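Coordinate inspection notes
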Amino acid sequence: MAINSKIPAGDLEKKWEDYKGHVKLVNPANKRNLEIIIVGTGLAGASAAASLGELGYKVKVFCFQDSPRRAHSIAAQGGINAAKNYQNDGDSVFRLFYDTIKGGDYRAREANVHRLAEVSANIIDQCVAQGVPFAREYGGLLSNRSFGGTQVQRTFYAAGQTGQQLLLGAYSALERQVALGNVTQYTRHEMLDIVKIDGKARGIIARDLVSGKLERHFGHAVLLCTGGYGNVFYLSTNAMGSNVTAAWKAHKQGAFFGNPCFTQIHPTCIPVSGDHQSKLTLMSESLRNDGRIWVPKKQGDNRKPTDITEEERDYYLERRYPAFGNLVPRDVASRAAKERCDAGYGVGASKMAVYLDYAAAIERYGKIEAGKQGLDNVSKDKIIEMGKEVVKEKYGNLFDMYAKITGENPYEVPMRIYPAVHYTMGGLWVDYELMTTVEGLYALGEANFSDHGANRLGASALMQGLADGYFVIPYTIGNYLADEIRTKSMPTDHEAFVEAENKVNARIQQLMSIKGTKSVESFHKRLGKIMWDKCGMARNAEGLQEAITEIQALKKEFWSDVKIPGSINEFNPELDKAGRVADFIELGELMCKDALDRNESCGGHFREESQTEEGEALRDDENYKYVAAWEFVGESDWKLNKEELIYENIKIAARSYK
């Protein structure tokens, strides 16, 4: 099947403007008769539901949490990018577009990324109008900081809790629409399948997680805003509930999966502390603005970090990448940390960590503060005291979080960090309009593959989620729904709904009837270990082939020996989890297949066979300059469709941050 990305013709900077000028519209009276289902209430889902409700559509929004506020977007810390050039440091729409394409190692679609850069500035205005408390300069202007992969300061932030503040903005807009009756909200509901009629998405089957009852819901269109699938690795920075189920059900119904092997490893996480752990904690990338990353120059150096002198420290990112230093992109920083630890320079009890040190920043800020106050001959202690106050103002909640988790005071000793699975650039394949290969089924935010190529730049996830929900889907969905105004709402006793519900019910019955001996969690852990060891920060053909065989065996074992306590018609989190882990197992196999097929290194996908003499990623543009869009054929069977990537506005080059 040829895939059509529906990229508008014309100059790159005019595509979106022209598209909006010529797109089909739905008049207000007709909008009231059109129903839209939105699954997920993170930044993409909440902003889409609020916007479409505001436009007058009848919206139903679903989340498996007890409140839309609990979506995992709240965990984002460091900030949101926008090309406003407030710092007057040379930023522009083109530069944000260029940084995003280059950061993604030339594996993203130009038209989508340029549109993202264009609408980025509007997002900030929208959020300020909603009352999002962005950090401000002394004079009242919005403040910016740097993030990896850029040489300008374009990241807007609210201390270290930007995601939470942005979500509260979108949530309040959503709840306003709920109060007005434009949006109906279903909490504690999980989507377990999409319903297709005549090839178009026409609804979903959802399970009420409290009663266990299956429900049928009709919609003229369905939007999946269900986040990423990083939990396939078991240990990740994702919330424990984050899963791939909604996207995977869509995939099995004909929605192609784009670049599943493109997962992002975040360089700044609190290291694993033992087998008891079920998730990892992120320390915002914004900390790399002022923190310096280092390891001892001597292998196996067990001294306290404060006892190691400057001359005995290796600030390896500053040494290897002088132009960007500690602010190289995430994939580069992560691999560099792994390389140092593997070579025997790691620190801490596990030796799988590096230091992130704030001593120099505290002193620098203290001196600036003393200058501002006109103080001469200030003691070093006083300078450090004043510097700590400044750092507290910028990053206080992150430092508090680190202290709570590790029992160490990061104002006094360097933090220990190590890379961890964070974001997934892969996701459902979508065209320019954010529609999947199933008509009427859309994917927004992290659930789609669209904007980040092989590696996402920091502070771009919040930007993409809100761009899709506030500024893209309100236009593009009208183009589809304008042709659906004669389609009446379909009754849910239609045979397609009955059949879909029976299929979902049969799977639940099958899971409960296994009555094996091993917990769901134990299977998830084993899957995660296979994925991390063989499809993690470094991959090779032999390991990936082994992983595929091991995952197929794990799947067989899961379906014959998983133990799920409780019953179906009650609140049963183990049953919910079992369904999600079963989907993760199938996804894991496809990820390894995709990684094996992509015989090059790019961004977060590092094939050991493809590297430069200096150990950097070696792309193969001649053979792999495409989006891998996988079509589900049958069990352990997929067909590869390719969307060729055409670069007319950017010259492809080897990525250098030196």
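Conventions and cut-offs
Residues numbered from 1 in each chain as written. Predicted model: local features only at pLDDT ≥ 70, side-chain atom pairs only at ≥ 80, totals over all residues. Heavy atoms only, no water. Domains from an automatic or database assignment. Contact = heavy atoms within 4.5 Å. Buried area = accessible area lost by both parts, 1.4 Å probe. 1 Å grid on protein atoms, 1.4 Å probe; cavity = no way out; pocket = protein on both sides within 12 Å on 5 of 7 lines; lining within 4 Å. Points joined across faces, edges and corners; volume = space filled by probe spheres on them. Helix = DSSP H or I, 4+ residues; strand = E, 2+ residues; numbered from the N terminus. Nonpolar A, V, L, I, M, F, W, Y, C, P; charged D, E, K, R; others polar. Axes fitted to C-alpha atoms, helices over the stretch in contact; angles between N-to-C directions. Parallel < 35°, antiparallel > 145°, perpendicular 65-115°, else oblique. Core = buried A, V, L, I, M, F, W, Y, C linked by side-chain atoms within 4.5 Å. Buried < 20%, exposed > 50% of the residue type's maximum accessible area, 1.4 Å probe, protein only. Pairing = 2+ DSSP bridges. Expected span 1.5 Å × (residues − 1). Left-handed = near helix turned anticlockwise from the far one by under 90°. Salt bridge = Lys/Arg side-chain N within 4 Å of Asp/Glu carboxyl O. Disulfide = S-S within 2.5 Å.

Moving on: the domain arrangement of the protein. Under the domain assignment used here, the protein contains domain 1 (267-421) and domain 2 (498-619). Placing the centre of domain 1 and that of domain 2 at their C-alpha centroids yields a distance of 34 Å. Residue-level contacts link nine residues of domain 1 with nine residues of domain 2. Both faces considered, domain 1 and domain 2 share a buried interface measuring about 810 Å² in area, 57% of it formed by carbon and sulfur atoms. Looking at the side of domain 1 facing domain 2, the largest losses of area belong to Asp-331, Arg-335 and Lys-338, adding up to 51% of the total buried there.

Our focus in this paragraph is empty space enclosed by the protein. Leftover empty space is mapped by rolling, across the atoms, a probe with the size of a water molecule. Following the criterion strictly, the structure yields four cavities of 30 Å³ or more and no others. The volume enclosed by the largest cavity comes to roughly 50 Å³. Lining the largest cavity we find Ile-265, Asp-331, Ser-334, Arg-335, Met-537 and Gly-604. Sort the elements by how many residues they give to the lining of the largest cavity and helix H9 (residues 330-345) lands first, with three residues. Split by residue class, the lining of the largest cavity holds two nonpolar, two polar and two charged.

Glancing now at the packing of helix H5 (residues 110-129) against helix H12 (residues 461-481). Direction vectors running N to C along H5 and H12 enclose 100 degrees, while the axes themselves pass 9 Å from each other. When the axis of H5 is compared with that of H12, the two are roughly perpendicular. Where H5 approaches H12, its residues Arg-115, Leu-116, Val-119, Ser-120, Asn-122, Ile-123, Gln-126 and Cys-127 are matched on the opposing element by Met-463, Gln-464, Leu-466, Ala-467, Tyr-470, Phe-471, Val-472 and Thr-476. Here the residues of the contact of H5 with H12 sort into 10 nonpolar, five polar and one charged.

Membership of the largest hydrophobic core comes to 154 residues, with the highest contact counts inside it found for Ile-38, Ile-80, Leu-223, Tyr-442, Ile-477 and Phe-558. Val-328, Ala-333, Ala-361 and Phe-399 belong to the second-largest nonpolar core, a separate cluster that totals 33 residues.

Spatially, S5-S2-S1-S9-S17 is the arrangement adopted by the five strands of the open sheet, whose pairing is parallel. Both outer strands of the open sheet, strand S5 (183-186) and strand S17 (441-443), are each paired with one neighbouring strand and no more. Ignoring strand direction, the axes of neighbouring strands in this sheet form an average angle of 20 degrees. In terms of strand pairing, strand S1 (residues 35-39) meets strand S9 (residues 221-224) through four bridges, oriented parallel. Paired with Ile-38 across the bridge in S9 is Leu-223.

Okay, helix H13 (residues 495-514) next. Every α-helical turn comprises 3.6 residues, leaving residues that sit three or four positions apart pointing alike. Across its 20 residues, H13 extends 29 Å between first and last C-alpha, which sits within 8% of the 28 Å expected from 1.5 Å per residue. Listed in full, the buried residues belonging to H13 are Ala-496, Phe-497, Ala-500, Glu-501, Val-504, Ile-508, Leu-511, Met-512 and Ile-514. Along its buried surface, H13 packs onto strand S6 (189-197), strand S7 (200-208), strand S8 (214-218), helix H15 (541-561), strand S19 (562-563) and helix H16 (573-597). Lys-515, located one to two residues past H13, shows a positive phi value of around 50 degrees.

With that settled, consider the packing of helix H3 (residues 43-55) against helix H6 (residues 162-180). Between H3 and H6, the shortest axis-to-axis distance is 8 Å and the interhelical angle comes to 35 degrees. For H3 against H6, the interelement crossing comes out left-handed. Here H3 contributes Leu-43, Ala-46, Ser-47, Ala-49, Ala-50, Gly-53 and Glu-54 to the contact with H6, which in turn contributes Leu-166, Leu-167, Ala-170, Ala-173, Leu-174, Arg-176 and Gln-177. Of the residues assigned to the contact of H3 with H6, the class counts are nine nonpolar, three polar and two charged.

All right, on to the pattern of salt bridges then. One pass over the full model with this rule turns up 62 salt bridges. Note that Glu-310 is salt-bridged to Arg-313, the shortest N-O span being 3.5 Å. Between Asp-331 and Arg-335 there is a salt bridge; the shortest N-O distance is 3.8 Å. Note that Asp-331 and Arg-335 are positioned in helix H9 at a spacing of four residues, about one turn of the helix. With a relative accessible area of 4%, Asp-331 lands in the buried category. Connected through salt bridges with shared partners, the residues Asp-105, Arg-107, Asp-331, Arg-335, Arg-598, Glu-600, Arg-619, Asp-621 and Arg-655 form a single ionic network.

Of the pockets and cavities examined, the second largest pocket occupies roughly 670 Å³. Lining the second largest pocket are 25 residues, with Leu-235, Val-272, Leu-280, Trp-532 and Asp-533 positioned closest to its centre. Put simply, the parts of the chain that give the lining of the second largest pocket at least two residues each are H9, strand S15 (415-424) and helix H14 (520-535). The greatest single-element share of the lining of the second largest pocket, amounting to five residues, is contributed by H14. Each of domain 1 (267-421) and domain 2 (498-619) gives at least three residues to the lining of the second largest pocket.

Scanning all chains against the criterion turns up zero disulfides. The closest cysteine sulfur to the non-disulfide-bonded Cys-535 is located on Cys-592, 4.2 Å from its own sulfur.

With that settled, consider the sheet that holds S6. The antiparallel open sheet is built from three strands, whose spatial order is S6-S7-S8. The sheet terminates laterally at S6 and S8, the two strands that pair on one side only. Between one strand axis and the next, the sheet turns through 25 degrees on average, direction left out of account. Here S7 pairs with S8 via five bridges, running antiparallel. Among the inter-strand pairings, Ala-206 is bridged to a residue of S8, identified as Glu-215. The strands that H13 touches are S6, S7 and S8; relative to S6, the one it contacts most, it runs at about 140 degrees.

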